[in-house]
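Reading the structure
Listed below are the residues making up each chain.
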Amino acid sequence: MIRDFCDGQLEGAEIGSTEIMFTPEKIKGGVHTADTKTAGSVCLLMQVSMPCALFAACPSELRLKGGTNAEMAPQIDYTAMVFKPIVEKFGFTFNCDIKMRGYYPKGGGEVIIRMSPVKQLNPINLTDRGSVTKIYGRAFVAGVLPFKVAKDMAAAAVRCIRKEIRDLYVNIQPVQEPKDQAFGNGNGIIIIAETSTGCLFAGSSLGKRGVNADKVGIEAAEMLLANLRHGGAVDEYLQDQLIIFMALASGISRIKTGPVTLHTQTAIHFAEQLAKAKFTVKKSEDEEDASKDAYIIECQGIGMTNPNL
């Protein structure tokens, strides 16, 4: 898809290849389709194409097909409810239209991303976490799975969160995905915590054959609670997704995180190599973080400008 997006040349992009040669040309935007033909993640396709779309010559429409709620990748609900509002702070907007949900192993999901290019990205400062004001989410079943599974996931997650956070109403909606909007069978849950300063954190989990519903709900709840303990202003999964935008932005960006993940270290490494951006990672010196494992990731962005605008 990226090859077609920027009229590039691509060699060695086949299964079993150990080396890829990619030569991009001008990014042209327009309508592009990428179909994994499996439950390969549409969210990962979106991650790789979004920076290109921002610096394209005209608006883009990306038709992405595969898994929308799949393992080892963000669920589309995370992309829409956490990634989207935070990444838009860089000074752009995008539209995410979920046409069909798809699950492991069949895939069959489809999401349409529409966005316009920008002249330049603004830097961001996400260092003030504030206090948790809301906790909400959705527990879904699709296909042949009984609705009771959704209710059980939600109830178990609420019980788990209540043990630690007693003073907030936790609103997790059980959802039966409509037959015409979901392909195949699946179940899962996403829970989001929102803070007084607009920070968003999530915990999520997907059902697998033989794993009971309570366990899925508890796994998501525990992931959310762990992300609220470290004192960072972004969760462990948003960290690495923001790095490329920080590198391309104009000016200094700062984010406060919990322990820096290997994904984030890798993203920083390549952003420094390829974009020549400069990153520093330091332990947070705020008094309230003294007992916590919090870090400040700072980046002097390269101020990439769109030559087409």
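Since this is a predicted model, take the numbers as computed values, not measurements.

In this section: the UniProt feature "domain: RNA 3'-terminal phosphate cyclase" (unreviewed entry) in the protein chain. The positions that UniProt labels "domain: RNA 3'-terminal phosphate cyclase" (unreviewed entry) are, in the present scheme, residues 2-281. For residues 2-281, the end-to-end C-alpha separation is 30 Å, with 32% helix and 30% strand making up the annotated structure.

Turning our eyes to something else, we now look at the nonpolar core. In this structure, F90, F92, F94, L121, I191, L242 and F279 are the most contacted members of the largest nonpolar core, which totals 83 residues. If sequence neighbours within four positions are ignored, F279 has contacts with I243, M246, A247, I268, A271, E272, I297, E298 and C299. Within the second largest apolar cluster, six residues are counted, among which are Y103, A142, V175 and L206.

To continue, consider helix α6 (residues 236-248). Where α6 bends most, at L242, the angle is about 35 degrees. Of all 13 residues in α6, ten are buried, a share of seventy percent or more. Of the positions making up α6, those classed as buried are L238, Q239, D240, Q241, L242, I243, F245, M246, A247 and L248.

All chains considered together, the criterion is met by 22 salt bridges. D77 is the salt-bridge partner of R138, the closest N and O atoms lying 3.4 Å from each other. Pair noted here: R138 is in strand β8 (residues 132-142) and D77 is in helix α3 (residues 76-87), with a separation of 61 residues, a long-range link. In this structure R138 comes out as buried when scored by relative accessible area, which is 16%. Among the residues examined, D77 registers a relative accessible area of 4% and is labelled buried. Salt-bridge contacts for E194 lead to K134; the nearest nitrogen and oxygen are separated by 3.8 Å. A residue pair is termed long-range when its members are at least 10 positions apart, and E194 in strand β11 (residues 186-195) and K134 in strand β8 qualify at 60 residues. Look at the salt bridges and you will find they share partners, linking E61, R63, D97, K99, E110 and R114 into a network.

Following the UniProt record, one finds the feature "binding site: ATP" (unreviewed entry) at Q47, Y237, L238, Q239, D240 and Q241. Taken together, the annotated residues stretch across 195 residues yet fold into one region, lying no more than 13.1 Å apart by C-alpha. When you line up the elements, Y237 lands in helix α6. The exposure class of Y237 is partly exposed, given its relative accessible area of 38%. Look past the residues within four positions of Y237 in its chain and what remains in contact with it is Y78 and M223. Within the element layout of this structure, L238 appears in helix α6. When its relative accessible area of 0% is taken as the criterion, L238 is described as buried.

Taken in spatial order, the four strands of this open sheet run β9-β8-β11-β12, and their pairing is mixed. Two strands bound the open sheet, and with one partner strand each, they are β9 (170-176) and β12 (200-206). Here the strands of the sheet are splayed against their neighbours by 15 degrees on average, with no regard to which way each runs. Bridge analysis of β8 against β9 gives seven bridges, and the strand direction is parallel.

Calculation rules
- Residues numbered from 1 in each chain as written.
- Predicted model: local features only at pLDDT ≥ 70, side-chain atom pairs only at ≥ 80, totals over all residues.
- Heavy atoms only, no water.
- UniProt positions renumbered as here; feature names shortened; annotations may be inferred.
- Helix = DSSP H or I, 4+ residues; strand = E, 2+ residues; numbered from the N terminus.
- Core = buried A, V, L, I, M, F, W, Y, C linked by side-chain atoms within 4.5 Å.
- Buried < 20%, exposed > 50% of the residue type's maximum accessible area, 1.4 Å probe, protein only.
- Contact = heavy atoms within 4.5 Å.
- Bend = angle between axes of the 7 residues up to and from the residue.
- Salt bridge = Lys/Arg side-chain N within 4 Å of Asp/Glu carboxyl O.
- Pairing = 2+ DSSP bridges.
- Axes fitted to C-alpha atoms, helices over the stretch in contact; angles between N-to-C directions.

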